[in-house]
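Each chain, written out:
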Protein chains: 2
Amino acid sequence: MNEFELIARLTKSLPTNENVLAGTGDDCAVLDFGGDKLFLFKTDAIVEGIHFTKETPPEKIGHKALARCLSDIAAMAGTPSAALVTIGLSKNFDAEFIAKIYDGMSAVAKKFNVAIVGGETTTNPERIFISITLLGTVARGKQILRGGAKIGDAIFVTGELGGSIAEKHLDFEPRIAEANWLAEHFAIHAMIDLSDGLAGDLRHILNASNVGAEILKSAIPISREAKLAAKKSSTAKPAFVAALTDGEDFELLFTIASKDAVKLLDGWKKKFPKLRLSCIGKIVSGDSITIRDKSGSHKFNAHGYVHFA
Amino acid sequence: MNEFELIARLTKSLPTNENVLAGTGDDCAVLDFGGDKLFLFKTDAIVEGIHFTKETPPEKIGHKALARCLSDIAAMAGTPSAALVTIGLSKNFDAEFIAKIYDGMSAVAKKFNVAIVGGETTTNPERIFISITLLGTVARGKQILRGGAKIGDAIFVTGELGGSIAEKHLDFEPRIAEANWLAEHFAIHAMIDLSDGLAGDLRHILNASNVGAEILKSAIPISREAKLAAKKSSTAKPAFVAALTDGEDFELLFTIASKDAVKLLDGWKKKFPKLRLSCIGKIVSGDSITIRDKSGSHKFNAHGYVHFA
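Residues numbered from 1 in each chain as written. Chains lettered and ligands numbered in written order. Predicted model: local features only at pLDDT ≥ 70, side-chain atom pairs only at ≥ 80, totals over all residues.

A few points about the overall build of chain A
Now for step 1: When its secondary structure is counted, chain A shows 9 helices and 13 strands.
Now for step 2: A globule of 309 residues ought to have a C-alpha radius of gyration of about 19 Å, and chain A, at 20 Å, matches this closely.
Now for step 3: Along the longest, intermediate and shortest principal axes, the C-alpha atoms of chain A span 60 × 55 × 50 Å.
Now for step 4: At a minimum sequence separation of 6, the contacts of chain A that also span at least 24 residues come to 81%. (Helix = DSSP H or I, 4+ residues; strand = E, 2+ residues; numbered from the N terminus. Rg over C-alpha atoms; globule rule 2.2 N^0.38 Å. Contact = placed C-beta atoms within 7 Å.)

Here it is in structure tokens:
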């Protein structure tokens, strides 16, 4: 049993109950306890040596740990409320370092009116392990899932993609306000936050919605960092491939009826003049991702790696 | 900064918001989103080499991981609903072992109608790290906190205490049904679940309630395992000290007006004939724990260790 088979087995027959509207397989679980609000429930973990190092500024570790969960609440158009923080402390931990991790976490919590209501401190001798759970709410019927994309929808993405590892993965801004504005003013059909990379996360929307996508290569918003990295080395991936496949952009990817696209772009420019919004393609029938450029259409494989002939 | 100073610093100035009725410092956080239900929010973690070993039966690891959180929901007289599970997988993890951990978790989840609605799988190279967050509910006004004990209250404890390490710490039964029955039929003033040991957890109630306690030594329900361990070795702690200070009993400790004590004991015997309920003493003024035996009264120190003259 490899890791993918394991996760498939673990998530196949999990117990459920009458409160569950959506369990595994979306950005957050959606829970219904009656009343006018639904509850969004999400956990995420970062581990020293995997997601950060001893050299990472501790405030940014704290920021990242909580902001990752905030980004998932954003992807459902929710409002975050309360977080629990578990920290596994390594042997001979540096208390000032840990305290600064909490400072970074508290700063982003305050910014988004999230309460940190407790947690657990335990021992994990070899490395720091941080697990955060976030509870949020969304007005009943206003939650945006991954499975609502329709053939003909326009596909939009916020910000610029790729090269997040240079810095953005540590200090990105969760798109809570943007997602709430979208949900309030438009019928967004499907949404996800970009953690695995544009191609991989688009794949999640397509699978959940049983549709395919056609992406216009020239419309992909490529970050300056991705362009710089591509220029630096002849072995680096091309910038547009980085924009498609680099992880941890934490931007919003969503689909909307194409008739609403112009109105959306107009409204967005007024509301969020500093944040780019790009229409990168459209939802089509089938189940594949194709990339169009001047030379024609090219297929993406299932894992998100580009195979251009 | 040592670990206690660190935790004090970490929890001192955590951000809060309008949803928080109780944050750190009780068994669960209590959250208010309007409506007739309050939300109970709790996280707990267990780590290989600390809370279990490679030799521990994996189903029992899963049971313990979730049941610890269930016990905290019980301590507030709540009803558990949904759990998120984060697991840090060690290098070369044994997939069957992990799958069996989930089986144990799923079994106890089903028993208490808890949905497992997702989680996170990540890497923690040296050891398995399991963090679980549980969301529950309690009818508004029915939550039982630690801070409500009143002078003159009778102090009760369920089950038998001490020696949990022999087996019970792995397969204990969270007292959800018992706590709900108590809250429904009696005015319970304060309640906690026993994770740190009777003396340590009683101390939490006393501190939160600004009172002291007098415990009758002969009334402490001592487990068979604690008695056996004490007999086995002349250096082992006396059985009643084990009952006072061993951790992980996961029984309920609560206080109730002494006028209700007899009615409670009668009702309990009918409802839960197989589970012992003991009145072990009373709440008094002051802030200390005293133990009474034939020779008189003895003071307990602040950390729960017994100092008998």
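Considering the relation of the copies chain A and chain B
Now for step 1: In screw terms, the move from chain A to chain B is a rotation of 180° and a rise of 0.0 Å along the axis, fitting with an RMSD of 0.0 Å. When the rotation and shift are considered jointly, the pair of chain copies conforms to a two-fold rotation axis.
Now for step 2: Looking at chain A, 100% of its interface residues are interface residues in chain B too, so the copies touch through the same face. (Least-squares fit on C-alpha atoms with pLDDT ≥ 70 in both.)

A closer look at the domain arrangement of chain A
All names here are of chain A.
Now for step 1: Taken as a whole, chain A is organised into domain 1 (3-139) and domain 2 (154-299).
Now for step 2: Of all the secondary-structure elements, those providing two or more residues to the side of domain 1 that touches domain 2 are α2 (58-75) and β4 (79-89).
Now for step 3: It is α2 that provides the largest number of residues to the side of domain 1 that touches domain 2, a total of 10 residues.
Now for step 4: Taken together, the residues of the side of domain 1 that touches domain 2 break down into 8 nonpolar, 4 polar and 4 charged. (Domains from an automatic or database assignment. Nonpolar A, V, L, I, M, F, W, Y, C, P; charged D, E, K, R; others polar.)

Digging into the sheet that holds strand β11 (residues 277-284) of chain A
Residue and element names in this part refer to chain A.
Now for step 1: With respect to topology, 7 strands assemble into an open sheet ordered β8-β10-β7-β11-β9-β12-β13, the strand pairing being mixed. With partners counted over all chains shown, the strands left at the sheet margins are β8 (188-193) and β13 (296-299), one partner each. Sheet twist, expressed as the mean angle between neighbouring strand axes with direction ignored, is 25°.
Now for step 2: Bridge count for β8 against strand β10 (residues 252-256) is 5 bridges, and the pairing is antiparallel. Looking across to β10, one finds that A190 is bridged to T255. (Pairing = 2+ DSSP bridges. Axes fitted to C-alpha atoms, helices over the stretch in contact; angles between N-to-C directions.)

Notes on the interface of chain A and chain B
Now for step 1: Between chain A and chain B, the contact holds 55 residues from the first and 55 residues from the second.
Now for step 2: Residue assignment for the side of chain A that touches chain B shows that the elements contributing at least two residues are α1 (3-12), β2 (29-31), β3 (37-47), β4, α3 (95-111), β5 (115-123) and β6 (129-139) of chain A.
Now for step 3: For the side of chain A that touches chain B, the element with the highest residue contribution is β5 of chain A, accounting for 9 residues.
Now for step 4: The residue makeup of the side of chain A that touches chain B, split by class, is 27 nonpolar, 21 polar and 7 charged.

Notes on the environment of L253 of chain B
Residue and element names in this part refer to chain B.
Now for step 1: Secondary-structure assignment places L253 in strand β10 (residues 252-256).
Now for step 2: By the C-beta count within 10 Å, which is 23 here, L253 ends up buried.
Now for step 3: When the C-alpha positions of L253 and A190 are compared, they lie 8.3 Å apart, and in sequence the two are 63 residues distant.
Now for step 4: With residues near it in sequence (within four places) discarded, L253 still touches V157, M191, I192, L194, L198, D201, L202 and I205. (Buried ≥ 20, exposed ≤ 12 C-beta atoms within 10 Å, placed from the backbone.)

Considerations on the pairing of strand β4 (residues 79-89) of chain B
Residue and element names in this part refer to chain B.
Now for step 1: A large share of β4 lies buried, amounting to 10 of its 11 residues.
Now for step 2: The sheet contact formed by β4 and strand β6 (residues 129-139) spans 9 bridges and is antiparallel. When the sheet's bridge partners are listed, A83 is paired in β6 with L134.
Now for step 3: Both β4 and strand β5 (residues 115-123) contribute to a ladder of 7 bridges, which runs parallel.

Observations concerning the sheet that holds β10 of chain B
The strands making up a sheet associate through backbone hydrogen bonding, with each pair oriented either parallel or antiparallel.
Residues and elements named next belong to chain B.
Now for step 1: On the basis of which strands lie adjacent, the open sheet formed by 7 strands has the order β8-β10-β7-β11-β9-β12-β13 and mixed pairing. Bordering the open sheet on either side are β8 (188-193) and β13 (296-299), each of which pairs with just one other strand. On average, each strand axis in the sheet is inclined to that of its neighbour by 25°, with strand direction left out of account.
Now for step 2: Here 4 bridges tie strand β9 (residues 212-216) to strand β12 (residues 289-293), and the two strands are oriented parallel to one another.

Describing α3 of chain A
An α-helical turn contains 3.6 residues, so any two residues separated by three or four positions project in the same direction.
Now for step 1: With 17 residues, α3 of chain A extends 24 Å between its outermost C-alpha atoms, agreeing within 8% with the 24 Å of an ideal straight helix rising 1.5 Å per residue.
Now for step 2: Note on α3 of chain A: the residue one or two positions beyond its end, N113 of chain A, has a positive phi of about 55°. (Expected span 1.5 Å × (residues − 1).)

With respect to the environment of C28 of chain A
Residue and element names in this part refer to chain A.
Now for step 1: Along the chain, C28 falls in the loop between β1 (20-22) and β2.
Now for step 2: The sequence separation of C28 and A208 amounts to 180 residues, and the corresponding C-alpha distance is 14 Å.
Now for step 3: Not counting the four nearest positions on each side in its chain, C28 is found in contact with L40, F41, K42, D72, I73 and M76.

Here's the deal with the packing of α2 of chain A against α3 of chain A
Residues and elements named next belong to chain A.
Now for step 1: Running from N to C, α2 and α3 cross one another at 45°; their axes reach a closest spacing of 6 Å. The orientation of α2 relative to α3 falls into the category oblique. The handedness of the crossing between α2 and α3 is right-handed. The residues of α3 that touch α2, namely those facing P58, E59, K60, I61, G62, H63, A65, L66 and A67, are F97, K100, I101, Y102, D103, G104, M105, A107, V108 and A109. (Parallel < 35°, antiparallel > 145°, perpendicular 65-115°, else oblique. Left-handed = near helix turned anticlockwise from the far one by under 90°.)

Some thoughts on the pairing of β10 of chain B
Residues and elements named next belong to chain B.
Now for step 1: Summarising burial for β10: 5 of the 5 residues are buried, a large majority.
Now for step 2: Burial along β10 is two-sided: L252, F254 and I256 and L253 and T255, pointing in opposite directions, are all buried.
Now for step 3: Taken together, the 4 bridges between strand β7 (residues 154-158) and β10 define a ladder with antiparallel strand orientation. The partner of A154 across the bridge, within β10, is I256.

With respect to the environment of A29 of chain B
Now for step 1: Here A29 of chain B is to be found in strand β2 (residues 29-31).
Now for step 2: Taking the C-beta count within 10 Å as the criterion, A29 of chain B has 27 such neighbours and is therefore assigned buried.
Now for step 3: Each C-alpha atom of the pair A29 of chain B and I73 of chain B lies 9.8 Å from the other, and the pair is 44 residues apart in sequence.
Now for step 4: When sequence neighbours within four positions are dropped, the list of residues in contact with A29 of chain B reads A82, V117 and G118 of chain A together with V20, A22, G23 and F41 of chain B.

As for unusual backbone geometry
Residue and element names in this part refer to chain B.
Now for step 1: Here the phi dihedral of E248 falls at roughly 60°; this positive angle occurs in a residue that is not glycine.
Now for step 2: Of note, E248 is situated in the loop between α8 (239-245) and β10.
Now for step 3: Even without glycine at this site, F250 takes up a positive phi of about 55°.
Now for step 4: As for its position among the elements, F250 is in the loop between α8 and β10.

Observations regarding the confidence of the model for chain A
Residues and elements named next belong to chain A.
Now for step 1: Chain-level statistics for chain A give a pLDDT mean of 93 and a share of 96% at 70 or above.
Now for step 2: Confidence drops under a pLDDT of 50 for residues 304-309, and excluding neighbours within four residues, the segment shows 13 contacts in the predicted structure.
Now for step 3: Quick note on the complex model: pTM equals 0.93, ipTM equals 0.93. (pLDDT = per-residue confidence, 0-100.)

A short note on the nonpolar core
Now for step 1: The biggest cluster of nonpolar side chains holds 199 residues, and the ones touching the most others in it are F41 and M191 of chain A together with F41 and M191 of chain B.
Now for step 2: For M191 of chain B, the contacting residues outside a window of four places in its chain are A75, A77, I144, A179, L252, L253 and F254 of chain B. (Core = buried A, V, L, I, M, F, W, Y, C linked by C-beta atoms within 7 Å.)

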